[in-house]
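# Overview (structure and organization)
This is what each chain is made of:
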Amino acid sequence: MLPTLKSGQDVLVWCWFLNPKAGDIVVVNKTGRDIVKRISKINDRYILIIGDNSKESTDSRNFGWIKKSEIIGKVIWY
């Protein structure tokens, strides 16, 4: 799948985000930087995030499930 966003592209992020769901595009702080990924799976306290370009993406396949509290916000415009 081709990436939804391009490197360096501006996005608008809603930081008061309470109910993440599969398919949402979110910003999380991982590996010391903010990254934009899509939520793939979700449970009570953790989410699995996957990049749209699976061959080039660093995501939960590399660092595992992340806490919901690590979500900075939801991308609402790109």
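All figures in this text were calculated on a predicted structure; none of them were measured in a lab.

### Comments concerning the pattern of salt bridges
Under the definition given, this model contains five salt bridges. Asp52 is the salt-bridge partner of Arg38, the closest N and O atoms lying 2.9 Å from each other. Note that Arg38 is positioned in strand β3 (residues 33–42) and Asp52 in the loop between β4 (46–50) and α1 (60–63), a separation of 14 residues in sequence. Among the residues examined, Arg38 registers a relative accessible area of 25% and is labelled partly exposed. One continuous salt-bridge network, built from bridges that share partners, spans Lys21, Asp24 and Lys74.

### Quick notes on the environment of Asp44
Along the chain, Asp44 turns up in the loop between β3 and β4. On a C-alpha basis, the gap between Asp44 and Lys68 in space is 8.5 Å, while along the polypeptide they are 24 residues apart.

### Re the sheet that holds β3
Strand pairing in a sheet takes place through backbone hydrogen bonds and is either antiparallel or parallel in direction. Strand order across the open sheet formed by six strands is β1-β6-β2-β3-β4-β5, with antiparallel pairing between neighbours. Among the strands making up the open sheet, the edge pair consists of β1 (12–14) and β5 (66–67). As judged from the three bridges shared by β1 and strand β6 (residues 71–77), these two strands associate in the antiparallel manner. The partner of Trp14 across the bridge, within β6, is Lys74.

### Structural notes on the environment of Leu18
Take Leu18: it is sitting in the loop between β1 and β2 (25–30). For Leu18, a relative accessible area of 74% translates into the label exposed. Separated by 53 residues in sequence, Leu18 and Ile71 place their C-alpha atoms 9.7 Å apart.

### A closer look at the confidence of the model for the protein chain
It should be kept in mind that the predicted coordinates are not to be read in detail where pLDDT is low. Of the residues in the protein chain, 97% reach a pLDDT of 70 or more, and the chain-wide mean stands at 89. Summarising per-element confidence for the protein chain, the mean pLDDT is lowest in β1 (90) and highest in β4 (95).

### Things to note about the packing of aromatic side chains
Throughout the structure, instances matching the rule amount to one aromatic pair. Ring geometry for Trp14 and Trp16: centres 5.6 Å apart, planes at 65°, overall edge-to-face. Judged by its relative accessible area of 66%, Trp16 falls in the exposed class.

### Concerning the pairing of β6
Where β2 and β6 come together, three bridges link them in antiparallel fashion. Residue pairing in the sheet places Val28 in a bridge with Ile71 of β6.

Rules used in this analysis
- Residues numbered from 1 in each chain as written.
- Predicted model: local features only at pLDDT ≥ 70, side-chain atom pairs only at ≥ 80, totals over all residues.
- Heavy atoms only, no water.
- Salt bridge = Lys/Arg side-chain N within 4 Å of Asp/Glu carboxyl O.
- Helix = DSSP H or I, 4+ residues; strand = E, 2+ residues; numbered from the N terminus.
- Buried < 20%, exposed > 50% of the residue type's maximum accessible area, 1.4 Å probe, protein only.
- Pairing = 2+ DSSP bridges.
- pLDDT = per-residue confidence, 0-100.
- Phe/Tyr/Trp six-rings, centres within 6.5 Å; stacked < 30°, edge-to-face > 60°.

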